[in-house]
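This is what each chain is made of:
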Amino acid sequence: MPIITWRDANGSKTSIEVDPGANLMRAAVAAGIDGIYGDCGGALACATCHVVPDAAWAERVGPAGVMEDEMLDMVEGQRMPTSRLSCQLQARDDLEGLILDVPVAS
Ligand code: FES
């Protein structure tokens, strides 16, 4: 199972072992990651699951889809070039060690 790490604005990290195929927004909410709320349940309607993959991981994580890209314009925190909505991300074995930054006002 890949270990995924969420890093807050202060640099504090929380690492969680996540089942392959599991939704990363749901994993973060279940673990109580501050700043990840998932208000819409993953329906691409709230942007409260904003994460920014560490630059070293951006290519492997991949770009946002069209609808996700539009919703990313609605995030409260600053949108970054590699920003993603974590409800659209699933854990995979090749994401072992992934670091996701959680913007201050997501
Ligand atoms: S949980 Fe609402 S857009 Fe991701």
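Everything numeric in this text was worked out from a predicted model, so none of it was measured. (Residues numbered from 1 in each chain as written. Predicted model: local features only at pLDDT ≥ 70, side-chain atom pairs only at ≥ 80, totals over all residues. Heavy atoms only, no water.)

Enquirer: I'm lost on the overall build of the protein in this one. Help?
Expert: The secondary structure content of the protein amounts to three helices and five strands. For the protein, the sequential pattern of α-helices and β-strands runs β-β-α-β-α-α-β-β. Its C-alpha atoms give the protein a radius of gyration of 12 Å, within 12% of the compact-globule value 13 Å for 106 residues. By its C-alpha atoms, the protein is 30 × 25 × 25 Å across when sized along the principal axes. Within the protein, the proportion of its 106 residues that are buried is 44%. Taking the contacts inside the protein whose residues are at least 6 apart along the sequence as the reference set, 63% of them involve residues at least 24 apart. Of the roughly 5500 Å² of accessible surface on the protein, 49% is carried by carbon and sulfur atoms. When the 7 positive and 16 negative side-chain charges of the protein are each reduced to one mean point, those points stand 3 Å apart. (Helix = DSSP H or I, 4+ residues; strand = E, 2+ residues; numbered from the N terminus. Rg over C-alpha atoms; globule rule 2.2 N^0.38 Å. Buried < 20%, exposed > 50% of the residue type's maximum accessible area, 1.4 Å probe, protein only. Contact = heavy atoms within 4.5 Å. Areas by Shrake-Rupley, 256 points an atom, 1.4 Å probe, with all protein chains shown as cover. Lys, Arg positive; Asp, Glu negative; His and termini not counted. Charge placed at Lys NZ, Arg CZ, Asp CG, Glu CD.)

Enquirer: What should I look at first to understand the side chain of serine 83 in this one?
Expert: Residue placement: serine 83 occurs in the loop between α3 (66-72) and β4 (84-85). Of the polar contacts made by the side chain of serine 83, one reaches the backbone nitrogen of methionine 80; its length is 2.8 Å. Beyond its immediate sequence surroundings of up to four residues, serine 83 is in contact with His50, Val51, Val52, Leu72 and Gln78. (Polar contact = N/O pair within 3.5 Å; in protein donor to acceptor, adjacent residues only side chain to side chain.)

Enquirer: Is there a simple way to think about unusual backbone geometry in this case?
Expert: Peptide bonds are, in most cases, trans, and in most cases residues other than glycine have a negative phi. The backbone of leucine 44 sits at a positive phi, close to 60 degrees, despite the residue not being glycine. The residue leucine 44 is located in the loop between α1 (24-30) and β3 (50-53) in this model. Look at alanine 47: it is not a glycine, yet its phi comes out positive at around 65 degrees. Here alanine 47 lies in the loop between α1 and β3.

Enquirer: What is the right way to look at the sheet that holds strand β5 (residues 99-101) in this model?
Expert: Sheets are built from strands that pair by backbone hydrogen bonding, the pairs being arranged parallel or antiparallel. Across the sheet, which stays open at both edges, the five strands sit in the order β2-β1-β5-β3-β4 with mixed pairing between neighbours. Both outer strands of the open sheet, β2 (13-17) and β4, are each paired with one neighbouring strand and no more. In this structure, strand β1 (residues 3-7) lies alongside β5, joined through three bridges in parallel fashion. Looking at β5, one finds that tryptophan 6 is bridged to leucine 100. (Pairing = 2+ DSSP bridges.)

Enquirer: Before we go on, may I ask you to explain a negative patch on the surface in this structure?
Expert: Side chains of Glu17, Asp19, Asp93 and Glu96 sit close together on the surface and give a patch of like negative charge. Structurally, the position occupied by aspartate 19 is in the loop between β2 and α1. On the basis of relative accessible area, aspartate 19 is assigned to the partly exposed category, the value being 46%. (Patch = residues over 30% accessible without salt bridge, like charges linked within 9 Å, V, L, I, M, F, W, Y side chains within 5 Å. Salt bridge = Lys/Arg side-chain N within 4 Å of Asp/Glu carboxyl O.)

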